[in-house]
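Chains, contacts and geometry: an overview
Below, each chain spelled out in residue letters.
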Amino acid sequence: MTKRLKLLFYLCIITFVVNASSCYAQYETDLTVSLNEYTKELDIRQEFTYYNNSNYNLGVIYFNDWANAYSDKNSGLAKRFAQEFKKSLHLAKADERGKTTIISVVDDSYNGLEWSRTEGKDILKVTLDDILPPKTSTKIFITYKVKLPPNKYTRYGYGSRGDYYLKDWYLTPAVYDGKWHLYSNKNLEDLYMNETNTIINFKYPDSLYLASNFDIKTESSFPNGQFAQLKGNLQRGGEIILNTQKNFYTHRTPYMTFLTDINAPRYSPIGQGLSINKVANFIHNNLGDYPHEKILVSELDYSKDPLYGINQLPSFIRPYKEQFQFEMKFLKTAINSILRETMFLNPRKEQWLNSAIANYLMIAYVEKYYPDQKLMGKLSKIWGFRSFELAKMDFNDQYSFLYNLTARKNLDQALQTSNDSLIKFNQKIANKYKAGLGLAYLADYIGQEHVDESIKTFFKYYKLNNVKVDDFESILKRSTQQDINWFFKDYVSTDRKIDFKIKKVKKETDSLHVTIKNKEGTNVPISVFGLKKDSVVSEYWFKDIELEKTFTIPNKKEDRLVLNYDQKIPEFNQRDNWKSLKGFLSSNKKLKFTFFKDAENPYYNQVFYVPVLSFNVYDGWTPGMRLYNKTLLERPFVYDFSPSYSFKEKAFVGSGKFSYRKYLSKSGLYVAQYNIGAGTSHFNVNSRYSSITPSVSFGFRPADLLSNKREFLSFRYVNIFRDFDPALLSLANDPENPDYSVFNARYSSRNNGILDYNSWFADFQLGGSFSKLSFEYEYRKLFENNRQLNLRFFAGKFLSNKTKTDFFSFALDRPTDYLFDYGYLGRSEDSGIYSQQIIIAEGGFKSFLDQRYRFSNDWMATVNGSFNIWKWIELYGDAGWVKNKGLDGKFVYDSGVRLNLVTDYFELYLPLHSNNGWEISQPNYGERIRFIITVSPKTLTGLFTRKWF
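Attention here is on the structure that accompanies the text. It should be emphasised that the depicted structure is a prediction, and the values quoted were computed from it without experimental measurement. (Residues numbered from 1 in each chain as written. Predicted model: local features only at pLDDT ≥ 70, side-chain atom pairs only at ≥ 80, totals over all residues. Heavy atoms only, no water.)

**Section: the overall build of the chain**
Secondary structure summary: the chain contains 16 helices and 49 strands in total. Each principal axis of the C-alpha atoms in the chain carries an extent, and together these give about 95 × 85 × 55 Å. In the chain, which comprises 949 residues, the share counted as buried stands at 53%. Within the chain, counting contacts between residues at least 6 apart in sequence, those at least 24 apart form 63% of the total. Of the roughly 42800 Å² that the chain leaves accessible, carbon and sulfur atoms contribute 55%. Positive and negative charge centroids in the chain, built from 126 and 104 side chains respectively, lie 4 Å apart. (Helix = DSSP H or I, 4+ residues; strand = E, 2+ residues; numbered from the N terminus. Buried < 20%, exposed > 50% of the residue type's maximum accessible area, 1.4 Å probe, protein only. Contact = heavy atoms within 4.5 Å. Areas by Shrake-Rupley, 256 points an atom, 1.4 Å probe, with all protein chains shown as cover. Lys, Arg positive; Asp, Glu negative; His and termini not counted. Charge placed at Lys NZ, Arg CZ, Asp CG, Glu CD.)

See the structure below:
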């Protein structure tokens, strides 16, 4: 049987199976809904016909009640927000929450049915009076109210301008296929329900305009209100958008009709119409006929899944032409809407396939209509930008680039990972892009026509039916003679990275023997290109390279061989992808100096430079030049030097380090890092310190990448060299002067949740004249009444101590920082504003107590606590015991007001009472106020990146 006949035979089988499955009875629901614009409530009466299409008896039926996810601080939605460092729902008042209030649940005999909620708060369990046998149906009548939430948590609910966006707002049947699939609302756009024939009779205020993904069958007006009947056949959920202005318009094309409010003010209406026709033609040619009367393409849907490269810039500086920008925005939103309305995959477990098709078509659209489009658009032609590697990247290069942002951080996750187990960056961006790249990779390997036809066949025969990834896999495998098991076995099912290198090339007169090494062991095909004067003269595909393999190819006088030259393969590291055929000297990469951080260029050794400016009271403002090799994507070996000049001291200062990071696994011991760093600066007037510190650290994390828990074991050997101003006699004659070395070992654990924060460390230090051990534990708790408790405990004990001063002693309120770890603006100051800077370490006290108790050369134990009384205003208190050798221990305490503006970044401490008495009534009170301030850009960016990674 020929391949064509086999394919026709297979399609006939698909048609029979799909038609047979569609003969199952469909779920039906009728809703009568009234919107109260004053209470923001929906009054709903719902009649639901439930068919048991399974082969099992059912005694209970589950409904998705996602509107109730806003009702509780312990719901699945609230917990997801906490994981993403969003506390808006946790802090919401009762009247700012959404909820579902069930009034009655009865069967078709009007018998009341027992109901309850599952732990996640947004799944409704209804217990039937009688068992529902297979292939039979029952009717259930539910009366309830839905209080809508404000749209400040998600984009759903009501807005401040009187508009509404209703999605996943009414009860829908959970999926049962031998087991119940019960998924809580986690703001992931992945409600899983059976396709249903739905009628919604909807009453709403006369001041609003209605748009919906359902068909509007009838519309009418009555005093102070409007009525619309909406109908959806074989659709999963009804979306309703209500606006105070008529924003939506209908655009009809020969293939499909769009209802949209997406527009571009600087792009003519005629141009927009032509672009929509162009997009519709492309979608039809690559998918096929759309089965519903219209497609809802809304600005709200786009805002939930935008084009991140375009969307992150303000509209007035976006570097793309209006036509391109409009088409890409409309195309992405339309494709996502079409696939959501037609391809009924499990959106939580198999969401990657719709993402793969959508992003594959996005890539194909740009290749067809905008093949020369650059990632930075018009900026790529402007002097000052055009030399950047980012400016040279094609628009489609962003897919591999953004996927590698997490892959290089060892945070990538397999495509088949459940949607609610993905970190936010993977769920929103990286995994979707990797999925689209995967299909493009496969198309490059087996031929684009095979993948294109498989997508169209899949859409044609499986739209409006429950479908699985296995169905698409079967179609793909039958479209080609090539073995593509690797795609589903290695690319889709694992998080194993793809990384090859050309180990060596042996030249002969008519042939080349090329040895390729598989660095990660991921057995997938790899492409090899032969280049001559930057022109491609040969191209090959090689496969089955488990570890290392040698291939023989014709010698076409190539200058060099390059793996993955067209970058169709989302490879982990391309820095070692090329091999020169002109001898050893020609293979050396040239240096390339670039202003500011940039993307990688695998053919150069890149050195980045950028001006820096730092400050301390002794050096003053110190301008310098930072030289480093760290690109936008993380790399294993990094060097970073910042030579600077202190005009105040008229001397050079600065720092530098070499670092090598090796990721070992996804969980458990996941990373090892080796560093050697050095620095020099001034710690007093005309007094310099220099340090050299080799170190090694190991990181541990749980298998759940959503967890914020991290543990580290670190070892370092700190070597300090000091030169004093001779005028500072007391310091110059210090017996610990001038040099010392300290071995430091620390084990630390941190779980920095926004609702519950736990961290602790155990620290050991060994110096030439002392050894000591310390322990710190910190706990923060945000309670359900919106009160926050902060507790910290510190204990330190000298194991041996032969020192003659307090330089190495434990400090109660201001550590001496002999290891030069802390960012003091004036580390040697004992008066003035700089002495009031506080870094919470060791004793953690805020008041300046008697000099006799500010240090301990024996042992110290303290507790620091604070509790908010209103928003960021807190009361704090510290208590502890300080013990010095040869002296009795002393109980110490202080208290005051803490202005916790941004925890750990910007805080003020106003002392009230301590061992000093009532400090607020004592002279020079302003000198007693303490402050925390963080000016490090790297530290501040952590506030924003933590919610994504």
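**A word on the sheet that holds strand 10 (residues 172–173)**
With antiparallel pairing, four strands are arranged side by side in an open sheet as 5-6-3-10. The open sheet has two free edges, formed respectively by strand 5 (114–117) and strand 10, since each of these has just one partner strand. Where strand 3 (residues 58–64) meets strand 10, two bridges bridge the pair, whose relative direction is antiparallel. Paired with Asn64 across the strands is Thr172, a residue of strand 10. (Pairing = 2+ DSSP bridges.)

**Details of the pattern of salt bridges**
For side chains bearing opposite charge, pairing can occur when the charged atoms are close. Under the criterion given, the structure shown has 51 salt bridges. Where Lys139 meets Glu47, a salt bridge forms, and the shortest distance between an N and an O atom there is 3.2 Å. Remark: Glu47 occurs in strand 2 (residues 41–51) and Lys139 occurs in strand 7 (residues 137–147); sequence separation between them is 92 residues. The exposure class assigned to Glu47 is partly exposed, which follows from its relative accessible area of 26%. Of the charged contacts in the structure, one is a salt bridge between Glu389 and Lys392, with a shortest N-O distance of 3.7 Å. With a gap of three residues between them, Glu389 and Lys392 both fall in helix 8 (residues 389–392), about one helical turn apart. (Salt bridge = Lys/Arg side-chain N within 4 Å of Asp/Glu carboxyl O.)

**Section: unusual backbone geometry**
Glycine aside, a negative phi is what most residues show, and trans is what most peptide bonds show. Phi at Lys121 is positive, roughly 80°, even though this residue is not glycine. Along the chain, Lys121 turns up in the loop between strand 5 and strand 6 (123–132). Unusually for a residue other than glycine, Lys871 sits at a positive phi of about 50°. Secondary-structure assignment places Lys871 in the loop between strand 44 (859–870) and strand 45 (873–883).

**Focus on the environment of Tyr660**
Relative to the helices and strands, Tyr660 is located in strand 34 (residues 651–663). Among the residues examined, Tyr660 registers a relative accessible area of 36% and is labelled partly exposed. Ignoring anything within four residues of it in the chain, the contact list for Tyr660 reads Pro636, Phe637, Ala672, Gln673, Tyr674 and Asn675.

**Quick notes on a positive patch on the surface**
Taken together, the side chains of Lys507, Lys532, Lys533 and Lys557 make up a positively charged region of the molecular surface. If you trace the backbone, Lys557 turns up in the loop between strand 27 (548–554) and strand 28 (560–563). (Patch = residues over 30% accessible without salt bridge, like charges linked within 9 Å, V, L, I, M, F, W, Y side chains within 5 Å.)

**With respect to the packing of helix 9 (residues 397–407) against helix 10 (residues 424–446)**
At their nearest, the axes of helix 9 and helix 10 sit 8 Å apart, and the two run at 130° to each other. The pairing of helix 9 with helix 10 is recorded here as oblique in orientation. Both helix 9 and helix 10 take part in a crossing whose hand is left-handed. Facing helix 9, whose interface residues are Gln398, Tyr399, Ser400, Leu402, Tyr403, Leu405 and Thr406, helix 10 presents Phe425, Asn426, Ile429, Ala430, Tyr433, Lys434 and Leu437. Among the residues forming the contact of helix 9 with helix 10, the class breakdown is nine nonpolar, four polar and one charged. (Axes fitted to C-alpha atoms, helices over the stretch in contact; angles between N-to-C directions. Parallel < 35°, antiparallel > 145°, perpendicular 65-115°, else oblique. Left-handed = near helix turned anticlockwise from the far one by under 90°. Nonpolar A, V, L, I, M, F, W, Y, C, P; charged D, E, K, R; others polar.)

**Re the pairing of strand 2**
Pairing of strand 1 (residues 27–36) with strand 2 involves nine bridges; the strand directions are antiparallel. Paired with Val33 across the bridge in strand 2 is Ile44. Counting the residues between successive antiparallel strands, the hairpin from strand 1 to strand 2 contains four residues, one of them, Lys40, with a positive phi of roughly 60°. Of the pairings in the sheet, the one linking strand 2 to strand 7 comprises eleven bridges and is antiparallel in character. Across the sheet, Glu47 pairs through a bridge with Phe141, a residue of strand 7.

**Thoughts on the sheet that holds strand 17 (residues 240–243)**
With antiparallel pairing, the four strands of this open sheet are ordered in space as 8-9-17-14. This sheet does not close on itself; its edge strands, each paired only once, are strand 8 (157–158) and strand 14 (209–212). Looking at chain direction, strand 9 (residues 164–166) and strand 17 are connected through three bridges and run antiparallel. Note on strand 17: the bridge partner recorded for Leu166 is Ile240.

**Quick look at the packing of aromatic side chains**
Here the structure, examined in full by the defined rule, presents 72 aromatic pairs. Between Tyr441 and Trp486 the ring centres are 5.0 Å apart and the planes differ by 45°, which places this aromatic pair in the tilted class. Of the two residues, Tyr441 sits in helix 10 while Trp486 sits in helix 13 (residues 485–492), which places them 45 residues apart along the sequence. Accessibility classification places Tyr441 together with Trp486 in one group, the buried group. Seen in terms of ring centroids, Tyr645 and Phe647 are 5.1 Å apart; in terms of plane orientation they differ by 80°. Their pairing is edge-to-face. Three or more aromatic residues joined by ring pairs make a cluster, and in this case those are Tyr740, Phe770, Phe794, Phe798, Phe807, Phe808, Phe810 and Tyr818. Geometry around Phe572 places Arg408 over its ring, the cationic atom sitting 5.5 Å from the centre. The side chain of Lys592 reaches across the aromatic face of Tyr604, ending 5.6 Å from its centre. (Phe/Tyr/Trp six-rings, centres within 6.5 Å; stacked < 30°, edge-to-face > 60°. Lys NZ or Arg CZ within 6 Å of the ring centre and 35° of its normal.)

**Some details on the environment of Asn52**
Residue placement: Asn52 occurs in the loop between strand 2 and strand 3. Along the primary structure Asn52 and Phe141 are separated by 89 residues, whereas in three dimensions their C-alpha atoms are 17 Å apart. The contact partners of Asn52, leaving out residues within four places of it in the chain, are Asn57, Leu58, Leu132, Pro133, Pro134, Lys135 and Thr136.

**Focus on helix 12 (residues 469–478)**
Since the α-helix advances by 3.6 residues per turn, residues separated by three or four positions end up pointing in the same direction. Buried residues of helix 12: Val469, Phe472, Glu473, Ile475 and Leu476, and no others. When helix 12 is viewed along its axis, its buried side chains cluster within an angular range of 165° and face the same direction. (Arc of directions from axis to C-beta.)

**Section: helix 6 (residues 322–342)**
Along its 21 residues, helix 6 runs 30 Å from first to last C-alpha, staying within 8% of the 30 Å computed at 1.5 Å per residue. Burial analysis of helix 6 places 18 of its 21 residues in the buried class, the great majority of the element. (Expected span 1.5 Å × (residues − 1).)

**Side note on the pairing of strand 18 (residues 249–252)**
With four bridges connecting them, strand 18 and strand 19 (residues 257–260) associate as antiparallel partners. Residue pairing across strands places His251 opposite Phe258, the latter belonging to strand 19. Hairpin geometry of strand 18 and strand 19 is characterised by an intervening segment of four residues between the two adjacent antiparallel strands.

**Some remarks on the side chain of Asn396**
Secondary-structure assignment places Asn396 in the loop between helix 8 and helix 9. A polar contact is formed between the side chain of Asn396 and the backbone oxygen of Ile363, at a distance of 3.2 Å. Discounting residues that sit within four places of it in the chain, Asn396 has contacts with Ile363, Val366 and Glu367. (Polar contact = N/O pair within 3.5 Å; in protein donor to acceptor, adjacent residues only side chain to side chain.)

**Here we look at the side chain of Lys846**
If you trace the backbone, Lys846 turns up in the loop between strand 42 (810–811) and strand 43 (855–856). Residue class for Lys846 comes out buried when judged on its relative accessible area of 4%. Within the structure, the side chain of Lys846 is placed 3.0 Å from the backbone oxygen of Gly844, a separation counted as a polar contact. Once you skip the residues sitting within four places of it in the chain, Lys846 turns out to touch Ile838, Ile840, Asn864, Tyr876, Asp878, Asp894, Tyr909, Arg928 and Arg930.

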